[in-house]
Amino acid sequence: MNQMGTEQTDRKHNIPRHIAVIMDGNGRWAQKRGLPRTAGHRAGMKTLKQTVRWCVDTGVEHLTVYAFSTENWKRPGDEVSFLMNLMIEMMKREIEELDRKGVKICVLGDLEPVPEGTREAIRQGVERTAGNTTLQLNIAFNYGGRQDILQAVRRIASEGVPPAEITEETFGNFLYTEGIPDPDLVIRTSGELRISNFLLWQIAYAEIVIADVLWPDFDRAEFDRALSAYGSRRRRYGGLDDDNR
Ligand code: IPE
Ligand code: IPE
Ligand code: MG
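Quick summary incoming for the structure in this document. Since this is a predicted model, take the numbers as computed values, not measurements. (Residues numbered from 1 in each chain as written. Chains lettered and ligands numbered in written order. Predicted model: local features only at pLDDT ≥ 70, side-chain atom pairs only at ≥ 80, totals over all residues. Heavy atoms only, no water.)

1. A look at the side chain of His 41
Within the secondary structure layout, His 41 lies in helix 3 (residues 37-58). You can call His 41 buried: its relative accessible area is 7%. Not counting residues up to four positions away in its chain, the partners in contact with His 41 are Asn 26, Arg 75, Glu 79, Phe 82, Leu 83 and Leu 86. (Helix = DSSP H or I, 4+ residues; strand = E, 2+ residues; numbered from the N terminus. Buried < 20%, exposed > 50% of the residue type's maximum accessible area, 1.4 Å probe, protein only. Contact = heavy atoms within 4.5 Å.)

Next up, the structure:
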């Protein structure tokens, strides 16, 4: 193999299979411009569209984005409504292009408290893209890591699963992320150094990259920086590096 080919193989080898993103900083982005916070959420949706494209281009298999947390209901009613409607917009206006790209949409979270219109739009988007295989876009919506674990425990208890059969693997099958490999890389924008109740179980061994830009400003250069940081990490999973074994 020539040198070029080797480089390409190595690069592909270091591409995370699953990227999870805490899309943070929309409100601050808008406020800095004297705009309402909702303008930041709209700008953030554009960034999400682009991020989907970059993931497809680089061969990432799963992109999970934190779009609305179980704690975000604490925000003013008009901001919450805007976010519920933005989800409808995304499922209607963007679905054509996402479908064309081969993106399969899944939603992680408890949709029960979500308004009916949003739920219905989600249902249609999920159904329309169900057969796609290029990239799986998992949208964490009314998602909380603790709530995810609790709903799993409740279902395990109600199904009467014998305690000895509750292993890490079977437990994982009760989480919203059933069948999805654990994230390899978590990116949080806006420089904030916390997890904010995102995928608590699933990120046990994820690599974390904090980007110092607000989510609407997250661009291809930031994405590539995160990927290259990931590529240089040594994932030990509690063991030792190859050269120390
Ligand atoms: C992230 O941006 C989007 C959601 C939480 C829905 P924020 O709305 O949290 O923006 P900041 O962090 O207040 O700037
Ligand atoms: C996390 O951001 C939730 C989403 C990105 C949807 P928040 O803005 O809600 O998190 P905190 O409040 O700063 O921890
Ligand atoms: Mg925030």
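Now that the structure is up, let's keep going.
2. Observations concerning the site of ligand 2
Contacts to ligand 2 come from Ile 22, Met 23, Asp 24, Tyr 66, Ala 67, Phe 68, Asn 72, Arg 75, Arg 188, Arg 194 and Ser 196. At a separation of 2.9 Å, an oxygen atom of ligand 2 approaches a polar side-chain atom of Asn 72. At 3.2 Å from an oxygen atom of ligand 2 is found a side-chain nitrogen or oxygen belonging to Arg 75. Alone, ligand 2 offers 390 Å² of accessible surface; in the complex the protein occludes 78% of this. In this structure, ligand 2 is accommodated by the largest pocket. With three residues, the top contributor of residues to the shell around ligand 2 is strand 2 (residues 62-69). (Near = heavy atom within 4 Å. Polar contact = N/O pair within 3.5 Å; in protein donor to acceptor, adjacent residues only side chain to side chain. Areas by Shrake-Rupley, 256 points an atom, 1.4 Å probe, with all protein chains shown as cover. 1 Å grid on protein atoms, 1.4 Å probe; cavity = no way out; pocket = protein on both sides within 12 Å on 5 of 7 lines; lining within 4 Å. Sits in = over half its atoms within 2 Å of the grid points.)

3. So, the site of ligand 1
In the region of ligand 1, 13 residues are neighbours, and Met 23, Asp 24, Gly 27, Arg 28 and Arg 75 sit closest. Within the contact set of ligand 1, an oxygen atom lies 3.3 Å away from a backbone nitrogen or oxygen of Gly 25. Here an oxygen atom of ligand 1 sits 3.1 Å away from a polar atom, N or O, in the main chain of Asn 26. In isolation ligand 1 offers 380 Å² of accessible surface; the protein chains occlude 87% of this area. The cavity where ligand 1 resides is the largest pocket. Among the elements that line the shell around ligand 1, the one with the most residues is helix 2 (residues 26-32), at three residues. Grouping the constituent residues of the shell around ligand 1 by class yields three nonpolar, five polar and five charged. (Nonpolar A, V, L, I, M, F, W, Y, C, P; charged D, E, K, R; others polar.)

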